[in-house]
Amino acid sequence: MEYAEKGYKFFLALYMFFIVSTISNAGRSIALGGVVLFAGYYWAKGKRTIRFESFAEEKRYWIVYGAFFGLLILAAFFAPTKTAIASTLKYLYWTLPLWVIYISGFFFPVHKLWRDAVALAVIVIGAFSVHQFICMPFGTRLSAPFASPNGLAGILELCLPFGALFVVSEYKLKQKKSKKEFWLNAVATTAALFVLLFTQSRGGIAGTFIGGIVLVAMKFWLKYRNNVSIKRKICIILMGIVLITGVVFSGFILFHRAYDLERFLMIESSYHMWEDHKVFGVGLDNWGNEYKKYVSPIAKEPNLPMPHNNVAFFFSTTGIVGGLGYCVYVLGTLAFLVKKIRENPVNLYYSAAFWAFLAIVIHGMVDSGIMNKYQMQILSANLGVALSSSIVSDKD
């Protein structure tokens, strides 16, 4: 391996680590600079070529991606605030990891780098969390090193699928080509699950478990749909519904909180906000300011920045235009990932991306979801890794 490739991989792995761990914005920026430098060197020297036909092969996703952000930008142009366009472009910038990792996939396989970077980042996050677990009274919701337990849960639910599927696949096939990598991912997955549970984040836990259940059910269906009787198919569907319902209700029963009513009031206020700004909304960055005009008389928190529900948020801030864009993005991306899984069921990266994407969408029904900077960056990186798996096959 030549020095240029080693340098490229080093900076890309570092970039991935800082994206997931979120511990240093400066570190992420420096790593990104190194990636751009080496990518430019490869391009100038003609050592690798970017095959633009690969973009056409994944056009279904790019159409969905373009429609989502195109509609958000359109809504921003007609929003009542002058800062709407800037905030929308900033939101688009959060998806930069998608492009960095996807384009890097033209030069060499990025999958092993991503697995190892995610595993190391999760172990670092786990170390912060274990310290908090030891030092704080038992039952304290873990949040370290993030501002809130829900923020920590959002990061973990996006990382856990990659390590979990890799460990299960290696164990099932008994192909532990690298024991160090296997145990690194096994430890990271166990730590992620432990910390996730102790965040007591209902949205994060529900998203992770429901996403996993749906993925297993879907893969079982795709594999055995022609060999299973109708009665068994119905039983499997009913079992899945029961499991998902159980996860949802157990979360509300075990982790019932005093502010639950507040969440419903915020959604109601968002609806009234949308009624007055139906087409283009109030502006992507303006929900908190407008909320003061629509806050319920019985609400206890009049100074919240978002309604903790992505559907309510996008429709109220970007109107029908952006709200439909969000629906197109979610449904279109899930449909694209299902198609890729059906075409290549042994590809772990599309399966992991599907699980992570569904998890964060579910979590976004009760929290910030993809409107959180770090979560959107990691989700974009997940999708970049999955898309790059169609360019070059990972020998590992």
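See above for the structure.
Now for a look at the structure at hand. (Residues numbered from 1 in each chain as written. Predicted model: local features only at pLDDT ≥ 70, side-chain atom pairs only at ≥ 80, totals over all residues. Heavy atoms only, no water.)

**A few points about the overall build of the chain**
Argument step 1. Each helix and strand counted, the chain has 16 helices and zero strands in total.
Argument step 2. For the chain, the proportion of its 396 residues judged to be buried stands at 53%.
Argument step 3. Once local pairs closer than 6 in sequence are excluded, the contacts in the chain between residues at least 24 apart make up 76%.
Argument step 4. Here the chain displays about 18800 Å² of accessible surface, and carbon together with sulfur accounts for 69% of that area. (Helix = DSSP H or I, 4+ residues; strand = E, 2+ residues; numbered from the N terminus. Buried < 20%, exposed > 50% of the residue type's maximum accessible area, 1.4 Å probe, protein only. Contact = heavy atoms within 4.5 Å. Areas by Shrake-Rupley, 256 points an atom, 1.4 Å probe, with all protein chains shown as cover.)

**Topic: helix 2 (residues 25-45)**
Argument step 1. An ideal rise of 1.5 Å per residue puts 30 Å on 21 residues; helix 2 measures up with 30 Å between its terminal C-alpha atoms.
Argument step 2. Listed in full, the buried residues belonging to helix 2 are Gly27, Arg28, Ala31, Leu32, Gly34, Val35, Phe38, Ala39 and Tyr42. The buried residues of helix 2 all sit within an arc of 160 degrees when viewed along its axis, so they share a single face. Away from its buried face, by an angle of more than 90 degrees, helix 2 presents the exposed residues Ala26, Ile30, Val36, Leu37 and Ala44.
Argument step 3. Contacts from the buried residues of helix 2 go to helix 1 (3-21), helix 6 (96-104) and helix 16 (373-388).
Argument step 4. For helix 2, the side-chain oxygen to backbone nitrogen distance between the N-cap and Gly27 is 2.8 Å, and the N-cap itself is Ser24. (Expected span 1.5 Å × (residues − 1). Arc of directions from axis to C-beta. Polar contact = N/O pair within 3.5 Å; in protein donor to acceptor, adjacent residues only side chain to side chain.)

**Description of the side chain of Ser389**
Argument step 1. As for its position among the elements, Ser389 is in the segment after helix 16.
Argument step 2. Judged by its relative accessible area of 13%, Ser389 falls in the buried class.
Argument step 3. Side-chain polar atoms of Ser389 contact the side chain of Asn347, separated by 3.0 Å.
Argument step 4. Excluding residues within four positions of it along the chain, Ser389 makes contact with His111, Asn347, Tyr349 and Tyr350.

**Some words on the side chain of Ser316**
Argument step 1. On the secondary structure map, Ser316 appears in helix 14 (residues 310-343).
Argument step 2. By relative accessible area, which is 0% here, Ser316 ends up buried.
Argument step 3. Among the polar contacts listed, one links the side chain of Ser316 to the side chain of Trp287, at a separation of 3.5 Å.
Argument step 4. Not counting the four nearest positions on each side in its chain, Ser316 is found in contact with Ser270, Met273, Trp274, Gly281, Val282 and Trp287.

**Some remarks on the packing of helix 10 (residues 202-224) against helix 14**
Argument step 1. Taken N-terminus to C-terminus, the directions of helix 10 and helix 14 make an angle of 45 degrees; their axes are 10 Å apart at the nearest point. Here helix 14 runs oblique to helix 10, going by the angle between their axes. Here helix 10 runs over helix 14; the crossing is right-handed. Where helix 10 approaches helix 14, its residues Leu215, Met218, Lys219 and Leu222 are matched on the opposing element by Val338, Ile341 and Arg342.
Argument step 2. Broken down by class, the residue content of the contact of helix 10 with helix 14 amounts to five nonpolar, no polar and two charged. (Axes fitted to C-alpha atoms, helices over the stretch in contact; angles between N-to-C directions. Parallel < 35°, antiparallel > 145°, perpendicular 65-115°, else oblique. Left-handed = near helix turned anticlockwise from the far one by under 90°. Nonpolar A, V, L, I, M, F, W, Y, C, P; charged D, E, K, R; others polar.)

**Quick look at the environment of Leu358**
Argument step 1. Within the secondary structure, Leu358 is located in helix 15 (residues 348-363).
Argument step 2. Here the alpha-carbon distance between Leu358 and Thr208, two residues 150 residues apart in the chain, equals 8.2 Å.
Argument step 3. Ignoring anything within four residues of it in the chain, the contact list for Leu358 reads Gly211, Val214 and Leu334.

**Concerning the pattern of salt bridges**
Argument step 1. Inspection of every chain in the model, using the stated rule, returns six salt bridges.
Argument step 2. Between Glu58 and Lys340 there is a salt bridge whose closest N-O contact spans 3.5 Å. You can see Glu58 sitting in the loop between helix 3 (53-57) and helix 4 (59-77) and its partner Lys340 sitting in helix 14, a full 282 residues away along the chain. Here Glu58 and Lys340 have matching classes, each one buried.
Argument step 3. Shared partners join several salt bridges into a network, and the residues in it are Glu58, Lys339, Lys340 and Glu343. (Salt bridge = Lys/Arg side-chain N within 4 Å of Asp/Glu carboxyl O.)

**Section: the environment of Trp99**
Argument step 1. The topology assignment puts Trp99 in helix 6.
Argument step 2. Counting along the chain gives 282 residues from Trp99 to Ala381, while the straight-line C-alpha distance between them is 8.2 Å.
Argument step 3. Within the structure, the side chain of Trp99 is placed 3.1 Å from the side chain of Tyr65, a separation counted as a polar contact.

**Quick look at the packing of aromatic side chains**
Argument step 1. One pass over the full model with this rule turns up 35 aromatic pairs.
Argument step 2. A ring pair is formed by Tyr91 and Trp94, whose centres lie 5.5 Å apart and whose planes are at 80 degrees; its orientation type is edge-to-face. One exposure class covers both Tyr91 and Trp94, and it is buried.
Argument step 3. Taking 6.1 Å as the distance between ring centres and 75 degrees as the angle between the ring planes, the aromatic pair formed by Phe336 and Tyr350 counts as edge-to-face. Residue Phe336 is located in helix 14, and its partner Tyr350 is located in helix 15; the two are separated by 14 residues in the primary sequence. The two residues Phe336 and Tyr350 agree in class, both being buried.
Argument step 4. The positively charged end of Lys9 is found above the aromatic ring belonging to Phe108, 5.3 Å away from the centroid. (Phe/Tyr/Trp six-rings, centres within 6.5 Å; stacked < 30°, edge-to-face > 60°. Lys NZ or Arg CZ within 6 Å of the ring centre and 35° of its normal.)

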